[in-house]
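Coordinate inspection notes
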Amino acid sequence: MPETRSTGLLALGGIAVAALLTVIGHLEVNDDLNPWALTISDFAVSDRGGVIDVAMVVLALATAAVMYGLRRTGPPPGRAAELLLVAWVAGLLLAAVVPTNEPGTAMTASAYVHRYASVVAFLALPVGGWLLARRPDLTPTARTLRALVVLSLALSAAMVWSAYPGDRLLIGLAERLLILTEVAVLATVAVTQVRRAPVDHGVVVPHERGVTPHNGHHKSMIDEDGARALTPVRGALAGGRTR
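Here goes a summary of the coordinates provided. Bear in mind the structure is a predicted one, so any value in this text is a computation, not a measurement.

1. A closer look at the packing of helix H3 (residues 51-73) against helix H7 (residues 171-195)
Taken N-terminus to C-terminus, the directions of H3 and H7 make an angle of 40°; their axes are 10 Å apart at the nearest point. Between H3 and H7, the interaxial angle falls into the category oblique. Judged by the twist between their axes, the crossing of H3 over H7 is left-handed. Note on element contacts: H7 touches H3 through Val-183, Leu-186, Val-189, Ala-190 and Gln-193, opposite Leu-59, Thr-63, Val-66, Gly-69 and Leu-70. Considered class by class, the residues forming the contact of H3 with H7 number 7 nonpolar, 3 polar and no charged.

In structure tokens, the structure reads:
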């Protein structure tokens, strides 16, 4: 399906752009910010409305393209999986619009909204990816999807531990690995859409008895025409000659 291939390419392009913008956002911020100890949101709030916020919006749009492609390749992804993907998109958009607090300052109301929007997004995508692995059109990548989901859930647990009892130890590293794994789930689905073989709509002609393809087909038509032209009288005469 050319349309499905286009949506897959669009999604992969969006993922690549979002990744590039995120890298640029890390390079443009203050050198005092430590990427291993601070989250991506901490980097984004230091450049409010900058490229990292744009990257989250682009990633949400790429997810929407994946969802559209899933609808085009077969039955709907299922109500539960679709709602989880919508939750991921909504969480990304809300986190991009509502900033967290500056590092080292007290949590504000908007910071709590940002935090829980991110938590919903981080949990919704892997569960949705696990449900998507059941789809027949994603069977070739089902094992990869499930492996990525298990890894992302493990990284989510590591991030929760770091945020609370771990005193934010390497929370930035855990979050970046988590995001990388979850984006890989989306990329895997998008790649499957790009590689999906087009459906052959050719008409299959039944193979008639006594009719062979190509040259033999033409010869058999002549033979059949000759047989039809053989009337009973001619048949009798022909039979008399053979006696």
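From this point, the discussion proceeds with the structure in view.
2. Let's talk about the pattern of salt bridges
Counted under the stated rule, the structure contains 3 salt bridges. In this structure, Glu-82 engages Arg-71 in a salt bridge whose closest nitrogen and oxygen atoms are separated by 2.9 Å. Residue Glu-82 is found in helix H4 (residues 79-97), and its partner Arg-71 is found in helix H3; the two are separated by 11 residues along the sequence. Since its relative accessible area comes to 45%, Arg-71 is described here as partly exposed. Measuring nitrogen to oxygen at the nearest pair gives 3.0 Å for the salt bridge that ties Asp-137 to Arg-135.

3. So, the packing of aromatic side chains
Tallied over the full model, the rule gives 1 aromatic pair. Seen from their ring centres, Tyr-112 and Tyr-116 are 6.4 Å apart, and the 15° between their planes marks the pair as stacked. Highlighted residues: Tyr-112 and Tyr-116, both in helix H5 (residues 109-132), separated by 4 residues, approximately one helical turn. Residue Tyr-116 is classed as partly exposed on the basis of its relative accessible area of 46%. Looking at Arg-146, its charged tip hangs above the ring of Trp-130, at a distance of 5.5 Å from the centre. Above the plane of the ring of Phe-43 lies Arg-176, whose end atom (NZ or CZ) is 5.2 Å from the centre.

4. Structural notes on the environment of Met-56
Its location among the elements puts Met-56 in helix H3. The buried category is assigned to Met-56, whose relative accessible area is 15%. Sequence separation between Met-56 and Thr-22 is 34 residues, and the spatial gap between their C-alpha atoms is 8.6 Å. Setting aside residues up to four positions removed in sequence, Met-56 forms contacts with Leu-92, Ala-95 and Ala-96.

Here is what the cut-offs are and how they apply
Residues numbered from 1 in each chain as written. Predicted model: local features only at pLDDT ≥ 70, side-chain atom pairs only at ≥ 80, totals over all residues. Heavy atoms only, no water. Axes fitted to C-alpha atoms, helices over the stretch in contact; angles between N-to-C directions. Helix = DSSP H or I, 4+ residues; strand = E, 2+ residues; numbered from the N terminus. Parallel < 35°, antiparallel > 145°, perpendicular 65-115°, else oblique. Left-handed = near helix turned anticlockwise from the far one by under 90°. Contact = heavy atoms within 4.5 Å. Nonpolar A, V, L, I, M, F, W, Y, C, P; charged D, E, K, R; others polar. Salt bridge = Lys/Arg side-chain N within 4 Å of Asp/Glu carboxyl O. Buried < 20%, exposed > 50% of the residue type's maximum accessible area, 1.4 Å probe, protein only. Phe/Tyr/Trp six-rings, centres within 6.5 Å; stacked < 30°, edge-to-face > 60°. Lys NZ or Arg CZ within 6 Å of the ring centre and 35° of its normal.

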